[in-house]
Amino acid sequence: HRDKYRIGCADEDGLHGVIQIGRPISRMLDDGMTLEVVRCCTDGTRNVCSFLYARAARVARELGYRRMITYILDSESGRSLLACGWHKEADNIGGGEWDRPGRPRALWKKADQGGLKKKYPTETKQRWGCEL
């Protein structure tokens, strides 16, 4: 199973963010000692993103893992990752078209406001890592 655990950040005003941790998608990085941040979502409350990344790494270390990775879009700064001790490992990861001759994909879907929007991201990403 890919999903390992999730953490939320809440106070008296409610839930401000969640982070989901799982096994790495890349078979080359799925060594049994590495976990991947699959999703990190916040409502924009200050420092929640850094808090979630730091707590996720602490839990992973306590569970016996040695490393964590995550991917962010090239358009994102990585400030929250830097703040909790992560480092950029690679640039220009992924991106491009998802449709392949042996695996055709519907690349567009209807947007909530009408019209069409891309179903899959085509922007390249950065991989960030953290030694535990």
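Heads up: the structure comes first, above all this text.
This text gives an overview of the structure that appears in the document. (Residues numbered from 1 in each chain as written. Predicted model: local features only at pLDDT ≥ 70, side-chain atom pairs only at ≥ 80, totals over all residues. Heavy atoms only, no water.)

Some details on the environment of Arg39
Next, step 1: Among the structural elements, Arg39 can be located in strand S3 (residues 34–42).
Next, step 2: Arg39 gets classed as exposed once you look at its relative accessible area, which sits at 52%.
Next, step 3: Arg39 sits 21 residues away from Ala60 along the chain, and the two C-alpha atoms are 15 Å apart.
Next, step 4: Leave out the neighbours within four places in its chain, and Arg39 touches Val18, Ile19 and Gln20. (Helix = DSSP H or I, 4+ residues; strand = E, 2+ residues; numbered from the N terminus. Buried < 20%, exposed > 50% of the residue type's maximum accessible area, 1.4 Å probe, protein only. Contact = heavy atoms within 4.5 Å.)

Remarks on the nonpolar core
Next, step 1: One finds Tyr5, Ile19, Ile21, Met68 and Trp86 to be the most contacted residues of the largest nonpolar core, which totals 20 residues.
Next, step 2: At the level of elements, strand S1 (3–11), strand S2 (14–22), S3, helix H1 (48–62), strand S4 (67–73) and strand S8 (125–131) are the ones that each hand at least two residues to this core. (Core = buried A, V, L, I, M, F, W, Y, C linked by side-chain atoms within 4.5 Å.)

Details of unusual backbone geometry
Next, step 1: In this structure, Asn47 is a non-glycine residue whose phi angle is positive, near 70°.
Next, step 2: Mapped onto the fold, Asn47 is located in the loop between S3 and H1.
Next, step 3: Overall, Asn47 belongs to the exposed group, its relative accessible area being 54%.
Next, step 4: Positive phi outside glycine occurs at Asn92, with the angle close to 55°.
Next, step 5: Structurally, Asn92 can be placed in strand S5 (residues 87–93).

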